[in-house]
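Reading the structure
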Amino acid sequence: MKQYHLGIEATLEIIGGKWKALIICLLMSGAKRTSELQRNIHGISQKVLIQQLRELEKDGLVKRYVYPQMPPKVEYSLTDYGVTANKLVDVMCTWGKENIKMRQWQGEDIVLLEDESPEDSKYVHE
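In this report, the structure presented in the accompanying data block is examined. Predicted, not measured: the structure shown is a model, and the values here were computed from it. (Residues numbered from 1 in each chain as written. Predicted model: local features only at pLDDT ≥ 70, side-chain atom pairs only at ≥ 80, totals over all residues. Heavy atoms only, no water.)

By size, the foremost hydrophobic cluster in this structure holds 21 residues, and its most contacted members are Ile23, Ile24, Leu27, Ile41, Leu53, Leu61 and Val62. Only α2 (20–27), α4 (46–58) and β4 (73–78) provide two or more residues apiece to this core. (Core = buried A, V, L, I, M, F, W, Y, C linked by side-chain atoms within 4.5 Å. Buried < 20%, exposed > 50% of the residue type's maximum accessible area, 1.4 Å probe, protein only. Helix = DSSP H or I, 4+ residues; strand = E, 2+ residues; numbered from the N terminus.)

Okay, here's the thing in structure tokens:
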């Protein structure tokens, strides 16, 4: 039997890591192809992206639709359960914005490109 000491452990097991919250964020606006997701997440390899999508699919947050055509076309979207993560991702975004403001106030040279949509900007994670 799997045991957790805190509820956040279960949350982090599902959406923790470097990429999963970004993938969920991008899928909030609708279905996306793998190439579209990769273009909008700077630094993620196709192999890692597919691995993360498979894990999110296994955990029930993402569904994969394969169009019956040649060449194959695959799209990923949030399931109804995946949509419930929207609130959590929104809270993470709000906290991130507040964190950036605090760091700017402390003199750090940092900027948030919030005026650009996720579709138009590259997420930088190093």
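That shown, we press on.
In this model α4 runs 18 Å from its N-terminal to its C-terminal C-alpha over 13 residues, within 8% of the 18 Å that 1.5 Å per residue would give. Within the sequence span of α4, burial applies to Leu49, Gln52, Leu53 and Leu56. Looking down the long axis of α4, one finds its buried residues gathered within 100° of arc, a one-sided arrangement. Across α4 from its buried face, at more than 90 degrees, point the exposed residues Lys47, Arg54 and Lys58. Close packing links the buried residues of α4 with α1 (7–15), α2, α3 (34–40), β3 (62–67) and β4. Residue Gly60 follows α4 closely and has a positive phi angle near 85°. (Expected span 1.5 Å × (residues − 1). Arc of directions from axis to C-beta. Contact = heavy atoms within 4.5 Å.)

Turning our eyes to something else, we now look at the pattern of salt bridges. Per the stated rule, a full pass over the model turns up four salt bridges. Glu55 is paired through a salt bridge with Lys20; the nearest N and O atoms lie 2.6 Å apart. Of the two residues, Glu55 sits in helix α4 while Lys20 sits in helix α2, which places them 35 residues apart along the sequence. Accessibility expressed as a relative area gives 26% for Glu55, which makes it partly exposed. With its nearest N and O atoms 3.3 Å apart, the salt bridge here joins Asp59 to Lys58. (Salt bridge = Lys/Arg side-chain N within 4 Å of Asp/Glu carboxyl O.)

Let us look at a nonpolar patch on the surface. A cluster of nonpolar side chains, namely Leu6, Ile8 and Leu12, defines an oily patch on the protein surface of about 310 Å² accessible area. Checked against the element boundaries, Ile8 lands in helix α1. (Patch = residues over 30% accessible without salt bridge, like charges linked within 9 Å, V, L, I, M, F, W, Y side chains within 5 Å. Areas by Shrake-Rupley, 256 points an atom, 1.4 Å probe, with all protein chains shown as cover.)

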